[in-house]
Amino acid sequence: MYSAIRRLWSVLLGLVLVAAASGCTGADAESDGSVSETLNVVCTTGQIADMLQNLGGEHVEVEALMGPGVDPHTYKATPSDVRKLNAADVVFYNGMHLEGRLADLLVAMARKKPTFAVTEGLQQSADSRLREPPEFAGHYDPHVWHDAALWGECVRYATEKLVEIDAAHRQAYETNRDAYIARLAELDEEAKHMLSTVDKDRRVLVTAHDAFGYFGQAYDVEVHGLQGISTVDEPDVASMERLVTILVDRQIKAVFVESSVPPRNVQALIEACAAQGHEVRIGGELYSDAMGEAGTPEGTYVGMFRHNVVTVVDALK
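Below you will find a few notes about this structure. (Residues numbered from 1 in each chain as written. Predicted model: local features only at pLDDT ≥ 70, side-chain atom pairs only at ≥ 80, totals over all residues. Heavy atoms only, no water.)

**Some remarks on the pattern of salt bridges**
Keep this limit in mind: Salt bridges, as used here, are contacts in which a Lys or Arg side-chain nitrogen is within 4 Å of a carboxyl oxygen on Asp or Glu. Put simply, DSSP marks the helices as runs of H or I at least four residues long and the strands as runs of E at least two long, and each gets a number from the N terminus on. Residue burial is assigned from relative accessible area. The probe radius is 1.4 Å, only protein chains are included, and a residue is buried under 20% of its type maximum, exposed over 50%, and partly exposed in between.
Under the criterion given, the structure shown has 13 salt bridges. Between Glu189 and Lys192 there is a salt bridge, and its shortest N-O distance comes to 3.9 Å. Pair noted here: Glu189 and Lys192 are both in helix α7 (residues 170-196), with a separation of three residues, about one helical turn. Accessibility expressed as a relative area gives 48% for Glu189, which makes it partly exposed. Owing to a relative accessible area of 37%, Lys192 belongs among the partly exposed residues under this scheme. Notably, a salt bridge pairs Asp220 with Lys200, separated by 2.4 Å at the nearest N-O pair. Residue Asp220 is found in the loop between α8 (213-219) and β6 (222-227), and its partner Lys200 is found in the loop between α7 and β5 (204-209); the two are separated by 20 residues along the sequence. Salt bridges sharing partners connect three or more residues here, namely Asp188, Glu189 and Lys192.

**Regarding the packing of aromatic side chains**
Rules: Two rings from Phe, Tyr or Trp (for Trp, the six-membered ring) form a pair when their centres are within 6.5 Å of each other. A pair whose planes differ by under 30 degrees is stacked, one over 60 is edge-to-face, and the rest are tilted.
Within the structure shown, the criterion is met by eight aromatic pairs. Aromatic side chains Phe212 and Phe215 sit 6.0 Å apart centroid to centroid with 85 degrees between the ring planes, which places their arrangement in the edge-to-face category. In this structure Phe212 comes out as buried when scored by relative accessible area, which is 1%. With relative accessibility at 2%, the residue Phe215 sits in the buried group. On the basis of an interplanar angle of 40 degrees and a centroid distance of 5.9 Å, the ring pair of Tyr301 and Phe305 is categorised as tilted. Here Tyr301 and its partner Phe305 are both found in helix α11 (residues 301-316), four residues apart, which amounts to about one turn of the helix. Phe305 sits in the buried class, given a relative accessible area of 2%.

**Considerations on the pairing of β6**
What counts is decided by this rule: Any two strands are treated as partners once DSSP identifies two or more bridges connecting them.
Sheet topology note: the β5/β6 ladder contains five bridges and is parallel. The residue of β6 that forms the bridge with Leu205 is Val223.

**Some points on the nonpolar core**
Note the threshold: We call a set of buried residues a nonpolar core when its members are Ala, Val, Leu, Ile, Met, Phe, Trp, Tyr or Cys and they connect through side-chain atoms within 4.5 Å of each other.
Within the largest apolar cluster, 57 residues are counted, with the highest numbers of intra-cluster contacts made by Met51, Leu52, Phe92, Val144, Trp151 and Tyr301. Of all the secondary-structure elements, those providing two or more residues to this core are β1 (39-43), α2 (46-56), β3 (90-93), α6 (148-165), α7, α8, β7 (254-258) and α11. One finds Ala208, Val248, Ile252 and Val255 within the second-largest nonpolar core, a separate group that totals 19 residues.

**Examining the packing of α2 against α7**
When two helices pack together, their arrangement is given by the angle between the helix axes and the distance between those axes. Put simply, the test is: Fitted lines through C-alpha atoms serve as axes, helices being fitted only where they are in contact, and the angles separating the N-to-C directions of these axes extend from 0 to 180 degrees. Roughly parallel means an angle under 35 degrees; roughly antiparallel, over 145; roughly perpendicular, 65 to 115; everything else is oblique. We call two residues in contact whenever any of their non-hydrogen atoms come within 4.5 Å of each other. Any residue that is not Ala, Val, Leu, Ile, Met, Phe, Trp, Tyr, Cys, Pro, Asp, Glu, Lys or Arg is counted as polar, Gly included; the first ten are nonpolar and the last four charged.
Contact geometry for α2 and α7: axes closest at 7 Å, N-to-C directions at 125 degrees. In this view, α2 runs oblique relative to α7, as classed from their interaxial angle. From α2, Asp50, Met51, Asn54, Leu55 and Gly56 reach across to α7, where they touch Ala172, Tyr173, Asn176, Arg177, Tyr180 and Arg183. Taken together, the residues of the contact of α2 with α7 break down into five nonpolar, three polar and three charged.

**Some thoughts on the environment of Asn176**
When you line up the elements, Asn176 lands in helix α7. If we skip the residues at most four places from it in the chain, Asn176 touches Asn54, Leu55, Gly56 and Gly57.

The values are spatial; any link to function lies outside them.
See below:
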């Protein structure tokens, strides 16, 4: 009797453990390494989440840790973020030191589950378009999404990783990849055409921080930022004076604020120009490190990128 009861309890305990294991993630692993249900994908920024949603379609549930107006350079993880990361099947982040304060947590995640930097493929191939600003301590500029063609390479790499995790949906992921990259190629050509309509000597983009280096490199725009690559860096007197000289001497009429950076430094720049008799206005708000509100055109990568191009062209013409 006792042995029969003990066998029964062993069977029940085994069933409980199996049920607990299957409920740990949003997708059940199959023997071939694919998954049978929707992948729970957690991304750091909105632009990465938009990429993964376009790639995964109905086979993924995507959530971004950082919403509109959030600065990834200074972002600190919350207990809710940690829970989301722990519950994810896969984590995607930008890398190249964009998520400065999250770095340690992302490294820890990589020991437990698939965790990928979408820029890793660019670094592995030493892509010639990668920028290495001398003021960024020998690191690459992480703002690669401001070059639509370069972002397309990140899309390719993210697709490879999705296929590794979920081989059963390879065809869907690769079909979605091709369609999305085609949209990015159209966006790239559109940006080149629109910006070429602005006279070369007026094609000068002055912003709160140096987030648009890839934009300038790809679309032949002269770019200046008050702060450095990271918003942690504060502008010094020499940087302010240098930009005032550029704006006054070349009679540049507009500068730009950013949705994820307070406008105080840009306002100080405008006031410094006014003190020298030159009027500069705010040409508009650009999306540098974060996208717009969900449900708006700027809440998608394509809409955000197009907004930036149109805003710059309208203000500088």
